[in-house]
Amino acid sequence: MSLRDTIEAARREAEEAGSVFVGKDKSKDEGKDKKEETTTYSRRSSAASAKPATSAASSVRVISAEDARYGRTGKKSSEMSKEERKAERSRVRDVEDRQNMAANILLKRDRAYNMTQKVWWICLGSGLALTVISFGINWWLNREGTVVNPDLASKLVVVALVSLVLAYVLIIGAFIYDLMKARPIRKRVDAEVKGMTKRRIDALLREDAEEKAAKAKK
């Protein structure tokens with residue numbers, strides 16, 4: 001065999017080897033593509049199967065413990081009929097009234113709150129009394145036919161002015177005192193009542209009624 005034939009045979013062998021290698025790579029690529037398509041399809045199918053579960057979960061209504069405690073259905077107002085909305089408003093008013101009565105009972109039993117109320121009424125009553133005194137003096141001095149010594153009149157004017165200033169101080173101070181001292185107690189009691197069960201509120205109201213009945217018999 002000549003050198004040319006040898007080179008030509010080697011070239012053909014190299015081409016054949018290259019075609020075989022390329023064929024293997026193509027088969028690998030095709031297998032990879034099929035695997036990716038299968039994975040993508042499975043993901044899409046799993047996502048599609050998950051959508052009904054999501055919509056089903058969105059249709060489920062969650063009712064809180066407080067709604068279950070007081071018999072609430074958890075429905076929106078737009079979803080209720082006219083009779084259901086009327087019954088719901090009546091039920092809410094009844095629950096709020098009973099909670100307010102229970103809160104008042106607990107406040108009457110709270111010694112700190114009773115003390116704040118005494119101070120509040122003293123300040124408010126004193127302020128109103130001084131207001132009446134101030135306006136009474138001014139009315140008497142300006143009444144037709146009243147004759148008063150000028151020195152006495154000037155003193156009465158000062159008394160009326162001081163009384164009016166003190167009245168404003170006491171009245172405003174009473175409301176500030178109520179805001180700073182009594183309101184936190186009321187908020188604490190309200191929170192305590194809202195955390196009570198319906199049975200506990202009923203028992204508290206029944207106990208208070210029995211105490212009132214016992215006092216009335218004495």
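Basis of the calculations
Residues numbered from 1 in each chain as written. Predicted model: local features only at pLDDT ≥ 70, side-chain atom pairs only at ≥ 80, totals over all residues. Heavy atoms only, no water. Helix = DSSP H or I, 4+ residues; strand = E, 2+ residues; numbered from the N terminus. Buried < 20%, exposed > 50% of the residue type's maximum accessible area, 1.4 Å probe, protein only. Contact = heavy atoms within 4.5 Å. Axes fitted to C-alpha atoms, helices over the stretch in contact; angles between N-to-C directions. Parallel < 35°, antiparallel > 145°, perpendicular 65-115°, else oblique. Left-handed = near helix turned anticlockwise from the far one by under 90°. Nonpolar A, V, L, I, M, F, W, Y, C, P; charged D, E, K, R; others polar. Expected span 1.5 Å × (residues − 1).

Student: Any chance you could break down the side chain of Asp178 for me, citing the residues and the numbers?
Tutor: In this fold, Asp178 is placed in helix H5 (residues 150-194). For Asp178, a relative accessible area of 16% translates into the label buried. Apart from residues lying up to four places away in sequence, Asp178 is in contact with Gln117, Trp120, Arg183 and Arg186.

Student: Outline the packing of helix H3 (residues 82-108) against helix H6 (residues 198-217), supporting the account with residue identities and numerical values.
Tutor: Look at H3 against H6: their axes get within 10 Å of each other, and the N-to-C directions meet at 55°. As summarised for this structure, H3 and H6 are arranged oblique, according to the angle between their axes. You can see that H3 and H6 cross each other, and the crossing is left-handed. Every residue of H6 that contacts H3 at Arg98, Gln99, Met101, Ala102, Ile105, Leu106 and Lys108 is listed here: Ile201, Asp202, Leu204, Leu205, Asp208 and Lys212. Across the contact of H3 with H6, the residue classes break down as seven nonpolar, one polar and five charged.

Student: Tell me about H3, and please be specific about residues and values.
Tutor: Taking 1.5 Å per residue, 27 residues should reach 39 Å; H3 reaches 39 Å between its end C-alpha atoms and fits that length. Residues of H3 that are buried: Arg91, Val95, Gln99, Ala102, Ala103, Ile105, Leu106 and Leu107. If you follow the buried residues of H3, they end up packed against helix H4 (111-142), H5 and H6.

Student: I'd love a proper account of H6, names of residues and values included.
Tutor: Helix length check: H6, at 20 residues, gives a terminal C-alpha distance of 29 Å against a target of 28 Å (1.5 Å per residue), a fit within 8%. Where H6 is buried, its residues touch H3 and H5.

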